[in-house]
Amino acid sequence: MPYAWTGTTGMSTNGYTNPSGSYTYIGWECNSPFMGNNPPSGTSSTGAMYYNYPYYFYRFALGHDNKGNHGTINQSLDYAARMTFGKDASNKDYTFSTSVLNVGQWRQESAGWFYCRMRVFGNGNMVLP
């Protein structure tokens, strides 16, 4: 899908830890959780649902929660993880890299078991206009 949307195969395959290129593509390896699903246990944010993640991502990326300054894609991913998942077992704020969205999880579907996670391709240092 990144190629279909951008027309290039020259994007970093991990735009979060190794950002490069002129595009950013965020998508799912295998399938995504439903927006109304609760994240797996272990997050301190009670009542968190996956729909909170894109909500907070865009609030930070567009400057609503950042004093009018647009955050980078990576900063916005981290902010959304902190706001959605809270703190981990060692009382540290979740980041995108430590969240279940990046770490992934095994999911059982009718066709078998699949490892699913969110992927960031390209340049996570980009800012939305």
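Residues numbered from 1 in each chain as written. Predicted model: local features only at pLDDT ≥ 70, side-chain atom pairs only at ≥ 80, totals over all residues. Heavy atoms only, no water.

What's the story with the packing of helix 2 (residues 52–61) against helix 3 (residues 73–85) in this structure? I'm lost.
To characterise two packed helices, one gives the angle between the axes of the helices and the distance between these axes. Contact geometry of helix 2 with helix 3 gives a least axis separation of 8 Å together with a crossing angle of 135°. Here helix 2 lies oblique to helix 3, going by the angle between them. Note that helix 2 runs across helix 3; the crossing there is right-handed. Residue-level inspection shows Asn52, Tyr53, Tyr56, Phe57, Phe60 and Ala61 of helix 2 in contact with helix 3, the latter providing Ile73, Gln75, Ser76, Leu77, Tyr79, Ala80, Ala81, Met83, Thr84 and Phe85. Looking at the contact of helix 2 with helix 3 residue by residue, the classes come out as 12 nonpolar, 4 polar and no charged. (Axes fitted to C-alpha atoms, helices over the stretch in contact; angles between N-to-C directions. Helix = DSSP H or I, 4+ residues; strand = E, 2+ residues; numbered from the N terminus. Parallel < 35°, antiparallel > 145°, perpendicular 65-115°, else oblique. Left-handed = near helix turned anticlockwise from the far one by under 90°. Contact = heavy atoms within 4.5 Å. Nonpolar A, V, L, I, M, F, W, Y, C, P; charged D, E, K, R; others polar.)

What am I meant to see in the pattern of salt bridges here?
Here the idea is simple: oppositely charged side chains can pair when their charged atoms come close. The final tally for this structure, using the stated rule, is 5 salt bridges. Between Glu29 and Arg119 there is a salt bridge, with its nearest N and O atoms 2.8 Å apart. Of this pair, Glu29 sits in strand 1 (residues 24–29) while Arg119 sits in strand 3 (residues 112–122), and the two are 90 residues apart along the sequence. Residue Glu29 is classed as partly exposed on the basis of its relative accessible area, which comes to 28%. Residues Lys87 and Asp93 are paired through a salt bridge, measuring 2.8 Å at the closest nitrogen-oxygen approach. (Salt bridge = Lys/Arg side-chain N within 4 Å of Asp/Glu carboxyl O. Buried < 20%, exposed > 50% of the residue type's maximum accessible area, 1.4 Å probe, protein only.)

Which parts of the structure should I look at to understand helix 3?
Along an α-helix, residues three or four positions apart point the same way, because every turn accommodates 3.6 residues. With 13 residues, helix 3 ought to run about 18 Å at 1.5 Å a step, and its terminal C-alpha atoms sit 18 Å apart, in line with that. Ile73, Asn74, Ser76, Leu77, Tyr79, Ala80, Ala81, Thr84 and Phe85 are the residues of helix 3 that are buried. Downstream of helix 3 by a residue or two, Gly86 has a phi angle that is positive, lying close to 75°. (Expected span 1.5 Å × (residues − 1).)

Looking at this model, I keep getting lost on the packing of aromatic side chains. Mind explaining?
The geometry of an aromatic ring pair is captured by the separation of the ring centres together with the interplanar angle, meaning the angle of the planes. Enumeration according to the criterion identifies 10 aromatic pairs in this entry. Aromatic pair Tyr50 and Phe85: ring centres 6.5 Å apart, planes at 75°, arrangement edge-to-face. One end of the pair, Tyr50, is in the loop between strand 1 and helix 2; the other, Phe85, is in helix 3, and 35 residues separate them in sequence. This pair shows no difference in class: Tyr50 is buried, exactly as Phe85 is. Where Tyr56 meets Tyr79, the ring centres are 6.2 Å apart and the plane angle is 75°; that geometry is what we call edge-to-face. (Phe/Tyr/Trp six-rings, centres within 6.5 Å; stacked < 30°, edge-to-face > 60°.)

Where do I start with the nonpolar core in this structure?
Soluble globular proteins tend to bury their nonpolar side chains together. Counting residues in hydrophobic clusters, the biggest one holds 19 residues, and the most contacted among them are Tyr53, Phe57, Leu77, Phe85, Phe96 and Leu101. Counting only elements with at least two residues in this core, the list comes to helix 2, helix 3, helix 4 (100–103) and strand 3. It is helix 3 that provides the largest number of residues to this core, a total of 6 residues. Not counting residues within four places of it along the chain, the set of residues in contact with Phe96 comprises Tyr16, Tyr53, Leu77, Asp78, Ala81, Leu101, Asn102, Met118 and Val120. (Core = buried A, V, L, I, M, F, W, Y, C linked by side-chain atoms within 4.5 Å.)

What should I look at first to understand unusual backbone geometry in this one?
For residues besides glycine, phi is generally negative; the peptide bonds are generally trans as well. Its identity as a non-glycine residue notwithstanding, Lys67 has a phi of 55°, on the positive side. Locating Lys67 in the fold gives a position in the loop between helix 2 and helix 3. Judged by its relative accessible area of 82%, Lys67 falls in the exposed class.

Just to check I follow, could you spell out the environment of Val103 for this structure?
Considering the arrangement of structural elements, one finds Val103 in helix 4. It is 26 Å that separates the C-alpha atoms of Val103 and His70, two residues lying 33 residues apart in sequence. Leave out the neighbours within four places in its chain, and Val103 touches Ser97, Thr98, Tyr115 and Arg117.

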